[in-house]
Amino acid sequence: MIITIDNILLIGSILLFISILAGKTSFRLGVPTLIFFVIVGMLAGSEGIGGIGFTDPRITKFIGIIALNFILFAGGIDTDWKTIRPVLWKGISLSTLGVFLTASIVGMFVFLVTDFSLLEGMLLGAIVSSTDAAAVFSILRSKKLGLKGNLRPALELESGSNDPMAYFLTITLTMLITAQLDSTGEVIILFLKQFVFGTAIGLGMGKASHFIINRIRLDFDGLYPVLVIALMLFTFSAADFIDGNGFLAVYLAALYLGNQDLIHKRSIIRAFDGFAWLMQIVLFLTLGLLVFPSQIVAVAGIGIIISLFLVLVARPVSVFISLVWFRMKNRDRIFISWVGLRGAVPIVFATFPLLAGIGKAGMIFNMVFFISLTSVLLQGTTLPRVARWLHVILPEKVRRRSPLDIALSDDFKSEFLEIDITHDSQAIGKQVMDLGFPKRALIVMIKRKGKYITPNGATRIEENDTLLILAEDPQTVEEVNSKITG
């Protein structure tokens, strides 16, 4: 079957629906969802029962870059800075030094056991050096497993921030192999451009986006996620245009926005959570369509060897070295080592040498696909068992509860108060987001003219309003009163 303009919507909707059902099944079975998405794509591909012919790595790369933008942005905007701040340097070390070490160790091993040149082996190592923890957390949620200490934020930070380093190594080695770079100085300049420009654009666009979102005053609430999409894509393109790291820029901009007061912030985060899921499904389906199972079988033997080396040697060594100067229990380091799943990102990066015309690009792509698949199957399915074996799971009685669970419990100690807005209140005319409330307080409802309304960041306070406020403690109540009465 050939995909055309006439049937693309029909084929796409059917594959999307099947993937969602498959994902629901995988969630219950504790198998990473992406496995089922890829399998659906393979079954629909040219060697599957669907017979859909798709062999264009250029389109795959384009879809992959767009999808990764959404996935990285969704991860960044939903990350709480207070949660990751205690593990900031651990995460940075894992996502930079850890990625470099993984690429180097795997690259050297591939050079020794195959007929790849050293640069080709390093390229393969760079492509598979980043992790995809999204699959990990889907398993943890399905099994209702909580992790002790700061393991979860450390893993979230690593998985959200290690793609830029893997991207830099991949494009650098691709350019070295194709003689587009020919000196150490040029590599250093490219590195500085990638990370300095990427960081500057990311933080700069994060602040600019914060100002634009809160000040543009759109007439329709549903346009705010669309506005954020435009800003996200501009952030990536602007960084990429000046040779900066677009993925780093997008993640930093999202991380900044996620920790600021935004109009319709909650709805924007929910929208991007849905976008990220959609992009993951589309990405995995596309990658499944591009792969020829018969070609993967041909590299199965060496693929298993490299995959086992990556899981059992390269990843643990890189993690232990990256975390050597941090005080941690060895069982925590071992668990982080095991949470080294390779997902869609390495497969997208594997299209770069294909488009660059590197001689062994086809073999690299098939090996990367096989390595990613076996890594997820091996580590993903055994993750709960390894977590229990290492005793890094929280007991049920001390696991984190949702705000609703806490509010309904007998030990709920927060303050609930009503504040009437009188004619002399300094809050009159201000938007909720401009009140300067502490983060430990929340306006849950506003009583206005006998009716109750649910406020958002853009809601303006009017005279004679009654604010229903949830505050964490008496000190917070005092702070709230000072913002209202002056």
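Residues numbered from 1 in each chain as written. Predicted model: local features only at pLDDT ≥ 70, side-chain atom pairs only at ≥ 80, totals over all residues. Heavy atoms only, no water.

Caption draft 1: A look at the overall build of the protein chain. Along the protein chain, the regular secondary structure elements total 21 helices and four strands. Looking at the protein chain residue by residue over its 486 residues, the buried ones come to 51%. Taking contacts inside the protein chain between residues at least 6 apart in sequence as the whole, the part at least 24 apart equals 78%. For the protein chain, the exposed area adds up to about 22,800 Å²; of that, 64% sits on carbon and sulfur atoms. (Helix = DSSP H or I, 4+ residues; strand = E, 2+ residues; numbered from the N terminus. Buried < 20%, exposed > 50% of the residue type's maximum accessible area, 1.4 Å probe, protein only. Contact = heavy atoms within 4.5 Å. Areas by Shrake-Rupley, 256 points an atom, 1.4 Å probe, with all protein chains shown as cover.)

Caption draft 2: Broad picture of the pairing of strand β2 (residues 441–448). Sheet analysis places β2 next to strand β4 (residues 466–471), joined by six bridges and oriented antiparallel. Its bridge partner being in β4, Ile446 is matched across the sheet by Leu467. Bridging between β2 and strand β3 (residues 451–453) involves three bridges; their strand directions are antiparallel. Bridge pairing in β3 places Lys447 opposite Tyr452. Adjacent in sequence and paired antiparallel, β2 and β3 are bridged by two residues, among which Lys449 carries a positive phi angle near 55°. (Pairing = 2+ DSSP bridges.)

Caption draft 3: Structural detail: helix α11 (residues 223–241). In this model α11 runs 27 Å from its N-terminal to its C-terminal C-alpha over 19 residues, within 8% of the 27 Å that 1.5 Å per residue would give. All buried positions along α11 are accounted for by Tyr224, Pro225, Leu227, Val228, Ile229, Leu231, Met232, Thr235, Phe236, Ala238 and Ala239. At its buried positions, α11 is contacted by α3 (57–77), α10 (184–215), α12 (246–258) and α13 (265–290). Following α11 by one or two positions, Asp243 adopts a phi angle in the positive range, close to 70°. (Expected span 1.5 Å × (residues − 1).)

Caption draft 4: Spotlight on the side chain of Thr459. Tracing the sequence through the fold places Thr459 in the loop between β3 and β4. Setting aside chain neighbours within four positions, we find Thr459 in contact with Lys430, Gln431, Val432, Ile446, Arg448 and Ile453.

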